[in-house]
Number of protein chains: 2
Amino acid sequence: MKKKKAIMEIPIIRDVLEESNALARENRALFDQQKIFVVNIMSSPGSGKTTLLQKTIPLLQKYGLRTAVIEGDITSTLDSERLKPLGIPVVQANTEPFGGDCHVGAHLVQAALKYLDLSALDILFIENIGNLVCPAEFYIGEDRKVVVLSTTEGEDKPLKYPLMFRECGVCVISKMDLAPHLDINVDLLKSNIRKTNAQIKILPLSSKTGEGLDAWVEWLMKKS
Amino acid sequence: MKKKKAIMEIPIIRDVLEESNALARENRALFDQQKIFVVNIMSSPGSGKTTLLQKTIPLLQKYGLRTAVIEGDITSTLDSERLKPLGIPVVQANTEPFGGDCHVGAHLVQAALKYLDLSALDILFIENIGNLVCPAEFYIGEDRKVVVLSTTEGEDKPLKYPLMFRECGVCVISKMDLAPHLDINVDLLKSNIRKTNAQIKILPLSSKTGEGLDAWVEWLMKKS
């Protein structure tokens, strides 16, 4: 009985992953065709992904860069409403109609892209669902994966959730303004990030005070 | 092709869930037999589950309650090492050997229970993997599910991750000491929690200052 199940399960899981990767490659081809730089932003819930976008996009606009955001959530339009005042295209992509998935899948990105004029974009941000585990497992066609880790989450997270940090090209350390009120050792945090991924670029910043935002914007502009 | 897959997939997902629930019921039978109160603690990464246990367990010990912890993680023994000084039985249950699962499953609890003398326990804490999404979907044999939400995560989380708040009997609002340094409206947070689950007990506390710990310990003692 157990053996039979294992035999049945494996090909289906492979099918699902292969299908997902095929869709991601289709997304990728579209992005390449339109020369769009696509950033998949991931983090725990409440680490400050939306706030970072609220502060980043006006800075990019100053340099004439045209941006859009796909807002991944399980349910609600709260995050896309926060981005509305920026005046850029925002698509709320909820997983609830797809079974409440815990990550943004390539199929969801594909569905969201239909609402965007890709020819009018330089950078597309995909804000993933707040989850430090599952989103790291899926390629959705992005150029770069970025993880946001807030100072309030503690120094140990890169060691406890290594896949996320291994998969990402950049780690933004957010809420640096709160560090003086916490028992956090930022050097130890950085060293734990590097232990997990020696190549990762670490960008400490505070969306509240603006400290460190320049380096992040510079990285985005260099890559895009 | 698509239709064939759908037909194959559904029974397997049902099998897996049924198997999981059967194992959870076996765990439950053991807990009933030994009269152990079992609390499944869930939250985002870094919300303060381990710190809460570090502060709670000595208070329970004062009242003569015998506790143990199953520490769920994907990888590492960092959390169980933090609990070692308490001198209680701690079992580190990592999902990495089980494919890096994003939640503690009933099978993992069952495996961990082999390392505990259940006849010498009053309360068993299961610290789930830091994830506000997936752990809420699985019954593992516990008496109560508890969600810890820190003030740093923002007021909107109950609306964005409703399943977790619907499934839990208690919501601990942690890191209350940080509230003065944040732009958080705690009343709005409480109202969003209640909007999602009108029955949930809300316990604001700070593991750092000790504020609110009494009410949490009182709840545990009443239930156990």
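Please refer to the structure placed before this passage.
Note that this is a predicted model, so its numbers are computed, not measured. Just so you know, the residues in each chain are numbered from 1, in the order the chain's sequence is written. Here chains are named by letter from A upward and ligands by number from 1 upward, in the order in which they appear as written. The predicted origin of the model limits local features to residues at a pLDDT of at least 70 and limits the giving and counting of side-chain atom pairs to 80 or more, whereas totals for whole chains, interfaces and linings rest on all residues. Remark: hydrogens and water are excluded; side-chain values derive from all non-hydrogen atoms of the structure.

Engineer: What should I look at first to understand the packing of helix H2 (residues 49-62) of chain A against helix H8 (residues 213-223) of chain A in this one?
Structural biologist: What describes two packed helices is the angle between their axes and the distance between those same axes. Residues and elements named next belong to chain A. Inter-axis angles, ranging from 0 to 180 degrees, are taken between N-to-C directions of lines fitted to C-alpha atoms, where helices are fitted over the stretch in contact. Only DSSP runs of H or I with at least four residues qualify as helices, and only runs of E with at least two residues qualify as strands; both kinds are numbered from the N terminus onward. Contact pair H2 / H8: the axes reach a minimum separation of 10 Å and the direction vectors enclose 65°. The way H2 lies across H8 gives a crossing that is right-handed. Taken together, the residues of H8 that come into contact with H2 (itself represented by Leu52, Lys55, Thr56, Leu59 and Leu60) are Leu213, Trp216, Val217, Leu220 and Met221. Here the term charged refers only to Asp, Glu, Lys and Arg, the term nonpolar to Ala, Val, Leu, Ile, Met, Phe, Trp, Tyr, Cys and Pro, and the term polar to all other amino acids, Gly among them. Within the contact of H2 with H8, the residues separate by chemical class into 8 nonpolar, 1 polar and 1 charged. The hand of a helix crossing depends on one turn: near helix anticlockwise from the far one by less than a right angle means left-handed, and clockwise means right-handed. It only takes one pair of heavy atoms within 4.5 Å for two residues to be counted as in contact.

Engineer: Before we go on, may I ask you to explain the relation of the copies chain B and chain A in this structure?
Structural biologist: Each copy of the chain is related to the other by a rotation around an axis and a translation along that axis. Each copy is superposed on the other by least squares, with the fit set by C-alpha atoms of residues at a pLDDT of at least 70 in both. The transformation that overlays chain B on chain A combines an axial shift of 0.0 Å with a rotation of 180°, and the residual RMSD is 0.0 Å. Given the turn and translation reported, the copies of this chain are related as if by a two-fold rotation axis.

Engineer: Would you explain helix H4 (residues 106-113) of chain A in this entry?
Structural biologist: Side chains of residues three or four places apart in an α-helix project in the same direction, reflecting 3.6 residues per turn. Within the span of H4 of chain A, buried status applies to Ala106, Leu108, Val109, Ala112 and Leu113 of chain A. End-on, the buried residues of H4 of chain A take up no more than an arc of 160°, which puts them together on one face. Working definition: with a 1.4 Å probe on protein chains only, accessible area under 20% of the residue-type maximum means buried, over 50% means exposed, and in between means partly exposed. Taking the helix axis as origin, the arc is that swept by the directions to the C-beta atoms.

Engineer: Sorry if this is basic, but what is going on with the pairing of strand S7 (residues 201-204) of chain A here?
Structural biologist: Residues in a regular strand point their side chains to alternate faces of the sheet. Residues and elements named next belong to chain A. Sheet topology places strand S6 (residues 170-174) next to S7; 4 bridges connect them, and they run parallel. From the neighbouring strand, valine 172 faces S7, where its bridge partner is leucine 203. Regarding topology, helix H7 (residues 186-196) serves as the crossover connection from S6 to the parallel S7, and that connection is right-handed. Should DSSP find at least two bridges between two strands, the strands are regarded as paired. Here a crossover is taken to be right-handed if, once the strands point away from the viewer, the path from the first strand over the helix to the second is traced clockwise.

Engineer: Help me understand the sheet that holds strand S5 (residues 144-150) of chain A, please; the structure alone is not making it clear to me.
Structural biologist: Within a sheet, adjacent strands bond to each other through the backbone by hydrogen bonds, running parallel or antiparallel. All names here are of chain A. One open sheet holds the 7 strands; their spatial order is S3-S2-S4-S1-S5-S6-S7, and the pairing between them is parallel. This sheet does not close on itself; its edge strands, each paired only once, are strand S3 (90-94) and S7. Ignoring which end each strand starts from, the neighbouring axes of this sheet average 20° apart. Sheet topology note: the strand S1 (residues 37-43)/S5 ladder contains 5 bridges and is parallel. Looking across to S5, one finds that methionine 42 is bridged to valine 147.

Engineer: Help me out: how do you make sense of the sheet that holds strand S1 (residues 37-43) of chain B in this one?
Structural biologist: Residue and element names in this part refer to chain B. Strand order across the open sheet formed by 7 strands is S3-S2-S4-S1-S5-S6-S7, with parallel pairing between neighbours. Two strands bound the open sheet, and with one partner strand each, they are strand S3 (90-94) and strand S7 (201-204). Going from strand to strand, the sheet's axes swing by 20° on average, the running direction of each strand aside. When strand S2 (residues 67-73) meets strand S4 (residues 123-127), the two strands line up parallel, connected through 5 bridges. When the sheet's bridge partners are listed, threonine 67 is paired in S4 with isoleucine 123. In the packing of helix H2 (residues 49-62) onto the sheet, contacts are made with S1, S2, S4, strand S5 (144-150) and strand S6 (170-174), and the angle to S4 comes to roughly 170°.

Engineer: For this particular structure, what's the right way to read the pattern of salt bridges?
Structural biologist: Pairs can form between side chains of opposite charge once their charged atoms are near each other. We define a salt bridge as a side-chain nitrogen of Lys or Arg found within 4 Å of a carboxyl oxygen belonging to Asp or Glu. Inspection of every chain in the model, using the stated rule, returns 20 salt bridges over all chains. Between lysine 145 of chain A and glutamate 142 of chain A there is a salt bridge, with the nearest N and O atoms lying 2.8 Å from each other. The exposure class assigned to glutamate 142 of chain A is buried, which follows from its relative accessible area of 5%. Taking the shortest distance from any N to any O, the salt bridge between aspartate 156 of chain B and lysine 157 of chain B comes out at 2.6 Å. Judged on exposure class, the residue aspartate 156 of chain B and its partner lysine 157 of chain B are both buried.

Engineer: Explain the state of the cysteines here, please?
Structural biologist: Note on terminology: a disulfide is the covalent bond linking the sulfur atoms of two cysteines. Our working definition of a disulfide is a cysteine sulfur pair at a distance within 2.5 Å. Counted under the stated rule, the structure contains 0 disulfides over all chains. A disulfide-free cysteine, cysteine 102 of chain A has its sulfur positioned 3.5 Å from the sulfur of cysteine 134 of chain A, the nearest such atom.

Engineer: Is there a simple way to think about unusual backbone geometry in this case?
Structural biologist: Negative phi is the rule for most residues except glycine; trans is the rule for most peptide bonds. The phi torsion at lysine 175 of chain A lies on the positive side, around 60°, for a residue other than glycine. Mapped onto the elements of the fold, lysine 175 of chain A is located in the loop between S6 and H7. Take lysine 175 of chain A: its relative accessible area is 15%, and that puts it in the buried class. Positive phi, normally seen in glycine, also occurs at lysine 35 of chain B, with a value near 55°. Mapped onto the elements, lysine 35 of chain B comes out in the loop between helix H1 (2-34) and S1. You can call lysine 35 of chain B exposed: its relative accessible area is 72%.

Engineer: Which parts of the structure should I look at to understand the side chain of serine 76 of chain A?
Structural biologist: By the element assignment, serine 76 of chain A lies in the loop between strand S2 (67-73) and helix H3 (78-83). Relative accessible area serves as the criterion here: at 17%, serine 76 of chain A is assigned to the buried category. In contact with serine 76 of chain A, other than residues within four places in its own chain, are Gln92 and Asn94 of chain A together with Leu159 and Lys160 of chain B.

Engineer: I would appreciate a short explanation of the interface of chain B and chain A in the present structure.
Structural biologist: One widely used convention gives an interface's size as the accessible area the parts lose upon coming together. Listed by partner, the interface residues are 39 residues for chain B and 39 residues for chain A. At the junction of chain B with chain A, the criterion picks out 6 salt bridges. Measuring nitrogen to oxygen at the nearest pair gives 3.5 Å for the salt bridge that ties lysine 160 of chain A to aspartate 73 of chain B. Throughout this description, a polar contact denotes any pair of N or O atoms lying within 3.5 Å of each other; where both atoms belong to protein, one of them has to be capable of donating a hydrogen while the other can accept it, and for residues adjacent in sequence the pair is counted only when both atoms sit in side chains. One can count 9 residue pairs in polar contact (both at pLDDT 80 or more) joining chain B with chain A. Elements represented by at least two residues in the side of chain B that touches chain A include exactly H1, helix H3 (78-83) and helix H5 (157-160) of chain B. In terms of residues, the side of chain B that touches chain A owes the most to one element, H1 of chain B, which gives 8 residues. For the side of chain B that touches chain A, the residue count by class is 16 nonpolar, 8 polar and 15 charged.

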